[in-house]
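Reading the structure
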Amino acid sequence: MRYISTRGQAPKLNFEAALLTGLARDGGLYVPETWPQWSAGQFRKLAGKPYEQVAAAVTKPFIGSSLKTAQLDKAIAAAYGTFRHQAVAPLVQVDESLWLMELFHGPTLAFKDVALQLLGQLYDIVLKERGERITVVGATSGDTGSAALEACKNRQSIDIFILHPKGRVSDVQRRQMTTIEADNIHNIAIDGSFDDCQDMVKAMFNDPKFRDRVNMSAVNSINWARVMAQIVYYVTGALALGAPDRAVNFAVPSGNFGNVFAGYAARAMGLPIDQLIVGSNRNDILTRFFNSGAMKMSKVAPSLSPSMDIQVSSNLERLLFDLFDRQGKKLGQAMTDFRETGSFAAPKRGWAATAKLFKAYKLDDRETLAAMRDVHKRTGMLVDPHSAIGLAAALEARISGKGSATPTIALATAHPAKFPDAVEKATGIRPALPAHLADLLSRKERLSELPNDLGKVQDYVLAHTRLGHNR
Ligand SMILES: Cc1ncc(COP(=O)(O)O)c(C=O)c1O
Ligand SMILES: N[C@@H](CCOP(=O)(O)O)C(=O)O
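Residues numbered from 1 in each chain as written. Chains lettered and ligands numbered in written order. Predicted model: local features only at pLDDT ≥ 70, side-chain atom pairs only at ≥ 80, totals over all residues. Heavy atoms only, no water.

With that settled, the discussion passes to the UniProt feature "domain: Threonine synthase N-terminal" (unreviewed entry) in the protein. As annotated by UniProt and renumbered to match this structure, "domain: Threonine synthase N-terminal" (unreviewed entry) occupies residues 2-80. A distance of 26 Å separates the end C-alpha atoms of residues 2-80, which is 49% helix and 8% strand. (UniProt positions renumbered as here; feature names shortened; annotations may be inferred. Helix = DSSP H or I, 4+ residues; strand = E, 2+ residues; numbered from the N terminus.)

Next comes the structure, spelled out in C-alpha coordinates:
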(Lines give C-alpha, C1' and ligand atoms only; values in the text may rest on other atoms or scores of the structure.)
(Ligands and ions follow the chains in the order given, each with its own letter.)
Protein backbone atom coordinates (compact mmCIF):
# COMPACT_ATOMS: atom_id res chain seq x y z
CA MET A 1 0.00 0.00 0.00
CA ARG A 2 1.29 3.47 -0.96
CA TYR A 3 0.18 6.76 0.57
CA ILE A 4 -0.27 10.01 -1.34
CA SER A 5 -0.66 13.56 -0.11
CA THR A 6 -3.98 15.39 -0.47
CA ARG A 7 -2.01 18.29 -1.96
CA GLY A 8 -0.35 16.10 -4.60
CA GLN A 9 3.16 17.55 -4.30
CA ALA A 10 4.83 15.31 -1.69
CA PRO A 11 6.58 11.96 -2.24
CA LYS A 12 4.51 8.78 -2.11
CA LEU A 13 5.27 6.76 1.03
CA ASN A 14 4.79 3.26 2.35
CA PHE A 15 2.96 2.74 5.67
CA GLU A 16 6.07 2.89 7.85
CA ALA A 17 7.16 6.21 6.36
CA ALA A 18 3.63 7.65 6.53
CA LEU A 19 3.45 6.61 10.21
CA LEU A 20 6.64 8.51 11.03
CA THR A 21 6.18 11.47 8.69
CA GLY A 22 2.91 12.94 9.96
CA LEU A 23 1.99 15.97 7.84
CA ALA A 24 3.12 15.64 4.22
CA ARG A 25 5.90 17.99 3.14
CA ASP A 26 3.49 19.90 0.88
CA GLY A 27 1.20 20.63 3.86
CA GLY A 28 -1.30 17.89 2.90
CA LEU A 29 -2.50 14.78 4.70
CA TYR A 30 -1.54 11.27 3.65
CA VAL A 31 -4.31 8.99 2.33
CA PRO A 32 -4.14 5.51 0.77
CA GLU A 33 -3.50 5.67 -2.97
CA THR A 34 -6.46 3.32 -3.42
CA TRP A 35 -8.98 1.91 -0.95
CA PRO A 36 -8.67 -1.82 -0.31
CA GLN A 37 -11.81 -3.48 -1.72
CA TRP A 38 -13.47 -6.14 0.43
CA SER A 39 -16.11 -8.60 -0.70
CA ALA A 40 -19.17 -9.42 1.41
CA GLY A 41 -17.57 -12.82 2.03
CA GLN A 42 -14.45 -11.25 3.51
CA PHE A 43 -16.54 -9.21 5.93
CA ARG A 44 -18.78 -12.19 6.74
CA LYS A 45 -15.77 -14.28 7.78
CA LEU A 46 -15.01 -11.79 10.56
CA ALA A 47 -18.49 -11.76 12.11
CA GLY A 48 -18.35 -12.80 15.75
CA LYS A 49 -14.54 -12.81 15.88
CA PRO A 50 -12.66 -11.14 18.75
CA TYR A 51 -11.83 -7.45 18.28
CA GLU A 52 -8.11 -8.20 17.97
CA GLN A 53 -8.68 -10.59 15.07
CA VAL A 54 -10.82 -8.05 13.21
CA ALA A 55 -8.21 -5.37 13.89
CA ALA A 56 -5.47 -7.53 12.37
CA ALA A 57 -7.53 -8.31 9.25
CA VAL A 58 -8.66 -4.71 8.70
CA THR A 59 -5.28 -3.04 9.25
CA LYS A 60 -3.15 -5.57 7.35
CA PRO A 61 -3.92 -4.24 3.83
CA PHE A 62 -3.08 -0.69 4.97
CA ILE A 63 0.20 -1.77 6.56
CA GLY A 64 1.33 -4.05 3.77
CA SER A 65 4.90 -5.26 4.11
CA SER A 66 5.90 -2.55 6.63
CA LEU A 67 5.29 -4.99 9.48
CA LYS A 68 5.52 -8.76 9.75
CA THR A 69 2.25 -10.51 10.64
CA ALA A 70 3.64 -11.63 14.00
CA GLN A 71 4.73 -8.06 14.81
CA LEU A 72 1.29 -6.68 13.98
CA ASP A 73 -0.47 -9.37 16.02
CA LYS A 74 1.77 -8.65 19.00
CA ALA A 75 1.19 -4.89 18.74
CA ILE A 76 -2.58 -5.38 18.57
CA ALA A 77 -2.59 -7.75 21.55
CA ALA A 78 -0.54 -5.31 23.62
CA ALA A 79 -2.66 -2.30 22.58
CA TYR A 80 -6.05 -3.81 23.37
CA GLY A 81 -4.81 -5.70 26.41
CA THR A 82 -4.91 -2.31 28.17
CA PHE A 83 -8.71 -2.04 27.77
CA ARG A 84 -11.02 -2.68 30.71
CA HIS A 85 -13.68 -4.37 28.53
CA GLN A 86 -12.93 -7.62 26.75
CA ALA A 87 -14.97 -6.59 23.71
CA VAL A 88 -12.86 -3.38 23.47
CA ALA A 89 -15.76 -1.50 21.83
CA PRO A 90 -18.99 -3.04 23.19
CA LEU A 91 -22.46 -2.20 21.88
CA VAL A 92 -25.31 -1.31 24.23
CA GLN A 93 -28.85 -1.25 22.86
CA VAL A 94 -30.74 2.02 23.45
CA ASP A 95 -34.02 1.21 21.66
CA GLU A 96 -35.36 -0.89 18.79
CA SER A 97 -33.08 0.65 16.17
CA LEU A 98 -30.41 2.56 18.09
CA TRP A 99 -27.21 1.28 19.72
CA LEU A 100 -24.44 3.03 21.60
CA MET A 101 -20.89 1.85 20.96
CA GLU A 102 -18.79 2.42 24.08
CA LEU A 103 -15.36 3.53 22.92
CA PHE A 104 -14.16 4.68 26.33
CA HIS A 105 -12.85 1.53 27.99
CA GLY A 106 -9.20 2.36 27.32
CA PRO A 107 -6.75 3.79 29.87
CA THR A 108 -7.71 7.47 29.42
CA LEU A 109 -11.47 6.98 29.03
CA ALA A 110 -11.92 8.32 25.48
CA PHE A 111 -12.11 6.83 21.99
CA LYS A 112 -8.63 8.20 21.29
CA ASP A 113 -7.15 5.24 23.16
CA VAL A 114 -8.37 2.84 20.48
CA ALA A 115 -5.98 4.32 17.94
CA LEU A 116 -3.26 5.74 20.18
CA GLN A 117 -2.63 2.56 22.17
CA LEU A 118 -1.88 0.87 18.84
CA LEU A 119 0.13 3.83 17.55
CA GLY A 120 2.42 3.65 20.61
CA GLN A 121 3.13 -0.01 19.86
CA LEU A 122 3.73 0.63 16.15
CA TYR A 123 6.14 3.49 16.93
CA ASP A 124 8.10 1.18 19.21
CA ILE A 125 8.47 -1.54 16.60
CA VAL A 126 9.57 0.67 13.70
CA LEU A 127 11.80 2.99 15.76
CA LYS A 128 13.62 0.06 17.32
CA GLU A 129 14.19 -1.53 13.92
CA ARG A 130 15.45 1.73 12.43
CA GLY A 131 17.45 2.70 15.52
CA GLU A 132 15.81 6.14 15.38
CA ARG A 133 14.30 8.61 17.81
CA ILE A 134 11.40 11.02 17.15
CA THR A 135 9.95 14.17 18.65
CA VAL A 136 6.18 14.15 18.68
CA VAL A 137 4.39 17.49 18.82
CA GLY A 138 0.62 17.31 19.17
CA ALA A 139 -2.37 19.56 19.76
CA THR A 140 -5.32 18.65 21.92
CA SER A 141 -8.70 19.98 22.88
CA GLY A 142 -8.55 17.54 25.78
CA ASP A 143 -8.61 13.87 24.81
CA THR A 144 -5.93 13.23 22.19
CA GLY A 145 -3.39 14.70 24.61
CA SER A 146 -3.88 12.31 27.49
CA ALA A 147 -4.29 9.28 25.20
CA ALA A 148 -1.08 10.16 23.33
CA LEU A 149 0.91 10.81 26.51
CA GLU A 150 -0.33 7.56 28.03
CA ALA A 151 0.66 5.67 24.87
CA CYS A 152 4.11 7.29 24.59
CA LYS A 153 5.15 7.74 28.23
CA ASN A 154 8.55 6.29 29.15
CA ARG A 155 9.26 5.18 25.57
CA GLN A 156 13.01 5.66 25.13
CA SER A 157 12.81 6.61 21.45
CA ILE A 158 10.14 9.32 21.84
CA ASP A 159 9.98 12.82 23.31
CA ILE A 160 6.41 14.10 23.27
CA PHE A 161 5.07 17.67 23.56
CA ILE A 162 1.34 18.30 23.85
CA LEU A 163 -0.16 21.76 23.39
CA HIS A 164 -3.57 22.38 24.94
CA PRO A 165 -5.66 25.55 25.04
CA LYS A 166 -5.20 27.02 28.52
CA GLY A 167 -8.38 26.90 30.61
CA ARG A 168 -10.42 25.31 27.83
CA VAL A 169 -10.23 21.61 28.73
CA SER A 170 -12.04 19.98 31.66
CA ASP A 171 -10.18 19.59 34.98
CA VAL A 172 -10.16 15.82 34.58
CA GLN A 173 -8.77 16.09 31.02
CA ARG A 174 -6.02 18.50 32.10
CA ARG A 175 -5.03 16.45 35.12
CA GLN A 176 -4.93 13.27 33.06
CA MET A 177 -2.17 14.97 31.05
CA THR A 178 -0.33 16.96 33.68
CA THR A 179 -0.09 14.32 36.40
CA ILE A 180 1.68 11.66 34.32
CA GLU A 181 5.14 11.10 35.75
CA ALA A 182 7.60 10.44 32.93
CA ASP A 183 10.71 12.26 31.77
CA ASN A 184 9.89 12.12 28.07
CA ILE A 185 6.56 14.00 28.23
CA HIS A 186 5.93 17.75 28.16
CA ASN A 187 2.61 19.55 28.64
CA ILE A 188 2.26 23.10 27.36
CA ALA A 189 -0.80 25.26 28.07
CA ILE A 190 -1.17 27.77 25.23
CA ASP A 191 -2.88 31.10 25.62
CA GLY A 192 -5.26 30.46 22.71
CA SER A 193 -7.79 28.03 21.25
CA PHE A 194 -7.37 24.45 20.04
CA ASP A 195 -7.28 25.81 16.47
CA ASP A 196 -4.30 27.96 17.47
CA CYS A 197 -2.55 24.87 18.90
CA GLN A 198 -3.29 22.80 15.79
CA ASP A 199 -2.13 25.64 13.52
CA MET A 200 1.17 25.78 15.42
CA VAL A 201 1.70 22.04 15.05
CA LYS A 202 1.06 22.28 11.29
CA ALA A 203 3.35 25.33 11.05
CA MET A 204 6.14 23.33 12.73
CA PHE A 205 5.66 20.57 10.17
CA ASN A 206 5.75 23.19 7.41
CA ASP A 207 9.15 24.41 8.67
CA PRO A 208 11.50 21.84 7.05
CA LYS A 209 14.56 22.86 9.04
CA PHE A 210 12.73 22.49 12.33
CA ARG A 211 10.91 19.24 11.51
CA ASP A 212 14.14 17.61 10.30
CA ARG A 213 16.18 18.83 13.26
CA VAL A 214 13.83 17.22 15.78
CA ASN A 215 12.67 14.34 13.55
CA MET A 216 9.08 15.40 14.10
CA SER A 217 6.13 13.02 14.07
CA ALA A 218 2.38 13.37 14.74
CA VAL A 219 -0.06 11.79 17.15
CA ASN A 220 -3.01 13.82 15.93
CA SER A 221 -5.26 12.42 13.25
CA ILE A 222 -2.85 14.10 10.82
CA ASN A 223 -1.20 10.67 11.20
CA TRP A 224 -2.91 8.16 8.89
CA ALA A 225 -2.31 5.34 11.41
CA ARG A 226 -4.78 7.06 13.75
CA VAL A 227 -7.57 6.92 11.18
CA MET A 228 -6.64 3.37 10.14
CA ALA A 229 -7.02 2.02 13.68
CA GLN A 230 -10.42 3.66 14.00
CA ILE A 231 -11.82 1.87 10.91
CA VAL A 232 -11.84 -1.35 12.92
CA TYR A 233 -14.72 -0.48 15.26
CA TYR A 234 -16.93 0.55 12.35
CA VAL A 235 -16.41 -2.97 11.04
CA THR A 236 -17.04 -4.74 14.38
CA GLY A 237 -20.13 -2.59 15.03
CA ALA A 238 -21.65 -3.12 11.60
CA LEU A 239 -20.94 -6.88 11.65
CA ALA A 240 -22.63 -7.20 15.05
CA LEU A 241 -25.82 -5.69 13.59
CA GLY A 242 -25.93 -7.93 10.52
CA ALA A 243 -23.54 -6.40 7.98
CA PRO A 244 -22.64 -7.17 5.26
CA ASP A 245 -26.20 -8.48 4.77
CA ARG A 246 -27.80 -5.41 6.32
CA ALA A 247 -26.78 -1.75 6.04
CA VAL A 248 -26.19 0.36 9.15
CA ASN A 249 -25.85 4.06 9.97
CA PHE A 250 -23.28 5.60 12.30
CA ALA A 251 -23.82 8.78 14.30
CA VAL A 252 -20.59 10.49 15.30
CA PRO A 253 -19.94 13.54 17.49
CA SER A 254 -17.46 15.45 15.42
CA GLY A 255 -14.73 18.06 15.78
CA ASN A 256 -11.55 17.38 13.82
CA PHE A 257 -13.49 14.93 11.57
CA GLY A 258 -11.04 12.05 12.12
CA ASN A 259 -13.50 9.66 13.71
CA VAL A 260 -16.23 10.01 11.10
CA PHE A 261 -13.63 9.92 8.31
CA ALA A 262 -12.69 6.44 9.52
CA GLY A 263 -16.36 5.51 8.88
CA TYR A 264 -16.06 6.96 5.40
CA ALA A 265 -12.95 4.80 4.85
CA ALA A 266 -14.76 1.66 6.07
CA ARG A 267 -17.54 2.39 3.57
CA ALA A 268 -15.00 2.97 0.81
CA MET A 269 -13.67 -0.56 1.55
CA GLY A 270 -17.16 -1.96 0.94
CA LEU A 271 -18.80 -1.96 4.40
CA PRO A 272 -22.51 -1.25 3.84
CA ILE A 273 -22.93 2.08 5.66
CA ASP A 274 -26.04 3.95 4.60
CA GLN A 275 -25.49 7.23 6.39
CA LEU A 276 -22.84 8.95 8.42
CA ILE A 277 -24.63 11.27 10.82
CA VAL A 278 -22.45 14.09 12.14
CA GLY A 279 -23.17 15.86 15.43
CA SER A 280 -21.68 19.30 16.19
CA ASN A 281 -21.82 21.57 19.20
CA ARG A 282 -22.23 25.35 18.80
CA ASN A 283 -18.98 25.34 16.82
CA ASP A 284 -20.93 23.99 13.89
CA ILE A 285 -18.80 24.62 10.82
CA LEU A 286 -19.13 20.95 9.80
CA THR A 287 -22.91 20.96 10.13
CA ARG A 288 -23.15 24.13 8.09
CA PHE A 289 -20.89 22.57 5.48
CA PHE A 290 -22.91 19.37 5.09
CA ASN A 291 -26.17 21.29 5.01
CA SER A 292 -25.07 23.84 2.43
CA GLY A 293 -21.84 22.79 0.71
CA ALA A 294 -20.23 25.99 1.99
CA MET A 295 -17.99 26.75 4.96
CA LYS A 296 -17.47 30.06 6.65
CA MET A 297 -15.03 30.26 9.52
CA SER A 298 -16.19 32.00 12.68
CA LYS A 299 -14.63 32.45 16.11
CA VAL A 300 -14.53 29.33 18.24
CA ALA A 301 -16.73 29.54 21.34
CA PRO A 302 -16.38 27.43 24.51
CA SER A 303 -19.06 24.78 25.03
CA LEU A 304 -19.97 21.92 27.37
CA SER A 305 -18.28 19.56 24.89
CA PRO A 306 -14.82 21.19 24.85
CA SER A 307 -13.12 18.44 22.83
CA MET A 308 -15.23 19.56 19.86
CA ASP A 309 -14.55 23.29 20.21
CA ILE A 310 -12.90 23.35 16.81
CA GLN A 311 -13.41 25.48 13.69
CA VAL A 312 -10.80 24.09 11.31
CA SER A 313 -11.54 20.37 11.02
CA SER A 314 -8.26 18.89 9.89
CA ASN A 315 -9.55 15.67 8.33
CA LEU A 316 -12.19 17.33 6.20
CA GLU A 317 -9.30 17.79 3.77
CA ARG A 318 -9.18 14.00 3.30
CA LEU A 319 -12.86 13.99 2.27
CA LEU A 320 -12.43 17.06 0.07
CA PHE A 321 -9.59 15.27 -1.72
CA ASP A 322 -12.14 12.77 -3.06
CA LEU A 323 -14.62 15.58 -3.77
CA PHE A 324 -11.93 17.24 -5.88
CA ASP A 325 -11.50 13.97 -7.82
CA ARG A 326 -8.16 13.52 -6.04
CA GLN A 327 -6.64 16.53 -7.80
CA GLY A 328 -4.21 17.61 -5.09
CA LYS A 329 -3.04 20.82 -6.71
CA LYS A 330 -6.59 22.16 -7.03
CA LEU A 331 -7.39 21.18 -3.45
CA GLY A 332 -4.17 22.80 -2.20
CA GLN A 333 -5.23 26.07 -3.85
CA ALA A 334 -8.74 25.81 -2.36
CA MET A 335 -7.25 25.23 1.12
CA THR A 336 -4.96 28.24 0.75
CA ASP A 337 -7.94 30.36 -0.36
CA PHE A 338 -9.95 29.10 2.63
CA ARG A 339 -7.19 30.19 5.00
CA GLU A 340 -7.02 33.61 3.35
CA THR A 341 -10.73 34.37 2.92
CA GLY A 342 -12.28 32.26 5.70
CA SER A 343 -14.77 30.71 3.30
CA PHE A 344 -14.98 27.69 1.03
CA ALA A 345 -17.51 26.22 -1.41
CA ALA A 346 -17.49 22.53 -2.34
CA PRO A 347 -17.18 21.68 -6.03
CA LYS A 348 -20.62 20.97 -7.48
CA ARG A 349 -19.53 17.68 -9.06
CA GLY A 350 -19.90 14.89 -6.51
CA TRP A 351 -21.64 17.11 -3.96
CA ALA A 352 -25.03 15.35 -4.30
CA ALA A 353 -23.52 11.99 -3.26
CA THR A 354 -21.66 13.57 -0.33
CA ALA A 355 -24.80 15.38 0.85
CA LYS A 356 -26.73 12.10 0.65
CA LEU A 357 -24.15 10.17 2.69
CA PHE A 358 -23.53 12.76 5.43
CA LYS A 359 -26.36 14.20 7.54
CA ALA A 360 -25.41 16.80 10.10
CA TYR A 361 -27.04 18.31 13.17
CA LYS A 362 -26.01 20.94 15.67
CA LEU A 363 -26.80 21.01 19.40
CA ASP A 364 -26.19 23.99 21.63
CA ASP A 365 -25.37 23.50 25.34
CA ARG A 366 -29.02 23.62 26.41
CA GLU A 367 -29.93 20.94 23.89
CA THR A 368 -26.90 18.86 24.89
CA LEU A 369 -27.97 18.90 28.55
CA ALA A 370 -31.52 17.99 27.51
CA ALA A 371 -30.19 15.06 25.47
CA MET A 372 -28.11 13.81 28.42
CA ARG A 373 -31.13 14.13 30.73
CA ASP A 374 -33.41 12.39 28.24
CA VAL A 375 -31.19 9.35 27.68
CA HIS A 376 -30.69 8.98 31.42
CA LYS A 377 -34.44 9.15 32.02
CA ARG A 378 -35.24 6.64 29.28
CA THR A 379 -32.45 4.13 29.85
CA GLY A 380 -30.68 4.91 33.15
CA MET A 381 -27.43 5.48 31.20
CA LEU A 382 -25.11 8.39 31.94
CA VAL A 383 -23.51 9.76 28.80
CA ASP A 384 -20.90 12.47 28.43
CA PRO A 385 -21.78 15.67 26.52
CA HIS A 386 -19.92 14.62 23.34
CA SER A 387 -21.61 11.22 23.18
CA ALA A 388 -24.97 12.91 23.87
CA ILE A 389 -24.51 15.06 20.77
CA GLY A 390 -23.97 11.94 18.64
CA LEU A 391 -26.99 10.23 20.17
CA ALA A 392 -29.22 13.27 19.69
CA ALA A 393 -28.04 13.60 16.08
CA ALA A 394 -29.01 9.95 15.49
CA LEU A 395 -32.48 10.58 16.94
CA GLU A 396 -32.90 13.78 14.87
CA ALA A 397 -31.98 11.88 11.72
CA ARG A 398 -34.57 9.24 12.54
CA ILE A 399 -37.32 11.80 13.27
CA SER A 400 -36.64 13.70 10.08
CA GLY A 401 -36.81 10.43 8.16
CA LYS A 402 -33.27 10.87 6.93
CA GLY A 403 -31.99 8.03 9.10
CA SER A 404 -34.86 5.75 7.94
CA ALA A 405 -35.40 2.41 9.67
CA THR A 406 -31.77 1.38 9.24
CA PRO A 407 -30.14 0.40 12.55
CA THR A 408 -27.92 3.17 13.84
CA ILE A 409 -24.82 3.01 16.02
CA ALA A 410 -24.06 6.20 17.93
CA LEU A 411 -20.42 6.38 19.02
CA ALA A 412 -19.92 7.08 22.74
CA THR A 413 -16.57 8.83 22.56
CA ALA A 414 -15.83 9.57 26.22
CA HIS A 415 -16.61 8.20 29.67
CA PRO A 416 -19.11 10.38 31.57
CA ALA A 417 -16.63 10.81 34.44
CA LYS A 418 -14.37 12.89 32.16
CA PHE A 419 -17.04 15.61 32.24
CA PRO A 420 -18.58 15.27 35.72
CA ASP A 421 -19.82 18.88 35.95
CA ALA A 422 -21.87 18.64 32.76
CA VAL A 423 -23.22 15.20 33.68
CA GLU A 424 -24.21 16.41 37.15
CA LYS A 425 -25.84 19.52 35.71
CA ALA A 426 -27.93 17.39 33.36
CA THR A 427 -28.86 14.49 35.63
CA GLY A 428 -28.06 15.43 39.24
CA ILE A 429 -25.60 12.51 39.37
CA ARG A 430 -21.84 13.01 39.61
CA PRO A 431 -20.14 10.05 37.89
CA ALA A 432 -17.13 8.57 39.68
CA LEU A 433 -13.80 8.01 37.98
CA PRO A 434 -12.77 4.35 37.55
CA ALA A 435 -10.45 2.95 40.24
CA HIS A 436 -7.18 3.56 38.35
CA LEU A 437 -7.93 7.29 38.29
CA ALA A 438 -9.69 7.60 41.64
CA ASP A 439 -6.96 9.84 43.17
CA LEU A 440 -6.50 11.94 40.01
CA LEU A 441 -7.67 15.16 41.63
CA SER A 442 -5.02 14.97 44.36
CA ARG A 443 -2.04 14.11 42.12
CA LYS A 444 0.70 16.70 41.52
CA GLU A 445 0.46 18.62 38.23
CA ARG A 446 3.39 19.50 35.96
CA LEU A 447 3.01 21.83 32.97
CA SER A 448 4.44 24.92 31.30
CA GLU A 449 2.50 27.93 30.05
CA LEU A 450 3.42 29.66 26.80
CA PRO A 451 1.91 32.46 24.71
CA ASN A 452 0.31 31.76 21.32
CA ASP A 453 3.66 32.36 19.63
CA LEU A 454 5.15 29.83 17.22
CA GLY A 455 8.76 30.91 17.78
CA LYS A 456 8.49 30.56 21.55
CA VAL A 457 6.93 27.11 21.29
CA GLN A 458 9.59 25.95 18.83
CA ASP A 459 12.33 27.25 21.16
CA TYR A 460 10.73 25.33 24.02
CA VAL A 461 10.62 22.11 22.01
CA LEU A 462 14.24 22.54 20.89
CA ALA A 463 15.36 23.17 24.46
CA HIS A 464 13.60 20.10 25.85
CA THR A 465 13.75 17.39 23.19
CA ARG A 466 16.71 15.08 23.39
CA LEU A 467 17.08 15.57 19.62
CA GLY A 468 17.27 19.37 19.57
CA HIS A 469 20.98 19.69 20.26
CA ASN A 470 22.41 16.64 18.56
CA ARG A 471 21.63 17.18 14.92
C1 LIG B 1 -14.82 12.94 23.47
C2 LIG B 1 -14.69 13.37 22.05
N3 LIG B 1 -15.73 13.25 21.23
C4 LIG B 1 -15.67 13.64 19.96
C5 LIG B 1 -14.53 14.21 19.43
C6 LIG B 1 -14.49 14.58 17.99
O7 LIG B 1 -13.77 13.64 17.26
P8 LIG B 1 -13.07 14.02 15.89
O9 LIG B 1 -12.14 15.14 16.21
O10 LIG B 1 -12.39 12.81 15.43
O11 LIG B 1 -14.17 14.49 15.00
C12 LIG B 1 -13.40 14.37 20.26
C13 LIG B 1 -12.12 14.95 19.78
O14 LIG B 1 -11.56 14.62 18.83
C15 LIG B 1 -13.48 13.91 21.58
O16 LIG B 1 -12.42 13.99 22.38
N1 LIG C 1 -10.78 16.52 20.02
C2 LIG C 1 -9.41 16.28 19.86
C3 LIG C 1 -8.76 17.29 18.96
C4 LIG C 1 -7.60 16.71 18.23
O5 LIG C 1 -8.08 15.81 17.30
P6 LIG C 1 -7.24 14.69 16.58
O7 LIG C 1 -8.22 13.59 16.39
O8 LIG C 1 -6.75 15.26 15.33
O9 LIG C 1 -6.11 14.29 17.45
C10 LIG C 1 -8.76 16.18 21.24
O11 LIG C 1 -9.39 15.66 22.11
O12 LIG C 1 -7.65 16.58 21.43
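Alright, that's what it looks like, and here's the rest.
So, on to the packing of helix H13 (residues 316-323) against helix H14 (residues 328-341). Orientation of H13 relative to H14, taken along the N-to-C sense of each, is 130 degrees, at an axis distance of 9 Å. Here H14 runs oblique to H13, going by the angle between their axes. Relative to H14, the crossing made by H13 is right-handed. Counting all contacts with H13, which are made through Glu 317, Leu 320 and Phe 321, the residues of H14 involved are Gly 328, Leu 331 and Met 335. Grouping the constituent residues of the contact of H13 with H14 by class yields four nonpolar, one polar and one charged. (Axes fitted to C-alpha atoms, helices over the stretch in contact; angles between N-to-C directions. Parallel < 35°, antiparallel > 145°, perpendicular 65-115°, else oblique. Left-handed = near helix turned anticlockwise from the far one by under 90°. Contact = heavy atoms within 4.5 Å. Nonpolar A, V, L, I, M, F, W, Y, C, P; charged D, E, K, R; others polar.)

Strand order across the open sheet formed by six strands is S3-S4-S14-S9-S10-S13, with mixed pairing between neighbours. Among the strands making up the open sheet, the edge pair consists of strand S3 (91-95) and strand S13 (358-362). Adjacent strand axes in the sheet meet at a mean angle of 25 degrees when their direction is disregarded. (Pairing = 2+ DSSP bridges.)

For the rest of this paragraph, the subject is the pattern of salt bridges. Inspection of the entire model under this criterion finds 27 salt bridges. As a salt-bridge pair, Asp 159 and Arg 133 come within 3.5 Å of each other at their nearest N and O atoms. On the criterion of sequence distance, the pair formed by Asp 159 in strand S6 (residues 158-165) and Arg 133 in the loop between helix H5 (112-130) and strand S5 (134-139) is long-range, its members being 26 residues apart. Between Lys 456 and Asp 453 there is a salt bridge whose closest N-O contact spans 3.7 Å. Classification of Lys 456 by relative accessible area gives partly exposed; the value is 46%. Several salt bridges converge on common partners, so that one network encompasses Asp 171, Arg 174, Arg 175 and Glu 445. (Salt bridge = Lys/Arg side-chain N within 4 Å of Asp/Glu carboxyl O. Buried < 20%, exposed > 50% of the residue type's maximum accessible area, 1.4 Å probe, protein only.)

Sheet strands line up and pair through hydrogen bonds in the backbone, either parallel or antiparallel. Strand order in this open sheet of five strands is S8-S5-S6-S7-S15, and the pairing throughout is parallel. In this open sheet, the two edge strands, each paired with only one partner strand, are strand S8 (216-217) and strand S15 (448-450). Here S6 pairs with strand S7 (residues 185-190) via six bridges, running parallel. Bridge pairing links Pro 165 to Ile 190 in S7. On top of the sheet, helix H6 (residues 143-152) reaches S5, S6 and S7; it is set at about 165 degrees to S6, its chief contact.

What follows covers the site of ligand 1. Around ligand 1, the surrounding shell holds 15 residues, and the nearest of these are Lys 112, Asp 143, Gly 255, Asn 256 and Thr 413. Measuring from a nitrogen atom of ligand 1, one finds a side-chain N or O atom of Thr 413 at 2.8 Å. Within the complex, the protein chains bury 97% of what would otherwise be the 380 Å² of accessible surface of ligand 1. Split by residue class, the shell around ligand 1 holds five nonpolar, eight polar and two charged. (Near = heavy atom within 4 Å. Polar contact = N/O pair within 3.5 Å; in protein donor to acceptor, adjacent residues only side chain to side chain. Areas by Shrake-Rupley, 256 points an atom, 1.4 Å probe, with all protein chains shown as cover.)

A few words on the pairing of S5. Most of S5 is tucked away, with six of its six residues classed as buried. In S5, alternate side chains face the same way, and those of Ile 134, Val 136 and Gly 138 on one face and Thr 135, Val 137 and Ala 139 on the other are all buried. Between the parallel elements S5 and S6, the chain passes through H6 in a crossover that is right-handed. The pairing of S5 with S8 spans two bridges and is parallel. The residue bridging Val 136 from the neighbouring strand is Ser 217, located in S8. (Right-handed = clockwise from strand over helix to strand, strands pointing away.)

A few words now on the site of ligand 2. Lining the immediate surroundings of ligand 2 are 13 residues, of which Thr 140, Asp 143, Thr 144, Asn 220 and Ser 221 lie closest. Asn 220 places a side-chain nitrogen or oxygen 2.8 Å from an oxygen atom of ligand 2. A distance of 2.8 Å separates an oxygen atom of ligand 2 from a polar side-chain atom of Asn 256.

Cross-referencing UniProt, the feature "domain: Tryptophan synthase beta chain-like PALP" (unreviewed entry) maps to residues 91-329 in the present numbering. Counted over residues 91-329, helix gives 43% and strand 21%. Its end C-alpha atoms are 42 Å apart.

The next point concerns the packing of helix H16 (residues 365-379) against helix H18 (residues 420-427). Relative orientation of the contacting elements H16 and H18 amounts to 65 degrees, with a least axis distance of 8 Å. It follows from the interaxial angle that H16 and H18 lie roughly perpendicular. Between H16 and H18 lies a crossing of right-handed hand. Where H16 approaches H18, its residues Leu 369, Met 372, Arg 373 and His 376 are matched on the opposing element by Ala 422, Val 423, Lys 425, Ala 426 and Thr 427.

Using the criterion set out here, one finds 21 aromatic pairs in the structure. A centroid spacing of 5.5 Å and a plane angle of 25 degrees characterise the contact between Tyr 233 and Tyr 234, whose relative ring orientation is stacked. Each member of the pair Tyr 233 and Tyr 234 is classed as buried. (Phe/Tyr/Trp six-rings, centres within 6.5 Å; stacked < 30°, edge-to-face > 60°.)

Moving on, we come to the nonpolar core. One broad trend across soluble globular proteins is that nonpolar side chains are buried collectively. Counting 114 residues, the largest nonpolar core has Tyr 80, Tyr 123 and Phe 290 as its most contacted members. Residue contributions to this core peak at twelve residues, all from helix H10 (residues 224-240). Excluding residues within four positions of it along the chain, Tyr 123 makes contact with Leu 19, Leu 20, Lys 128, Ile 134, Val 136, Cys 152, Ile 158, Ser 217, Ala 218, Val 219 and Asn 223. Residues Leu 100, Ile 277, Ala 388 and Val 423 belong to the second largest nonpolar core, which totals 28 residues. (Core = buried A, V, L, I, M, F, W, Y, C linked by side-chain atoms within 4.5 Å.)

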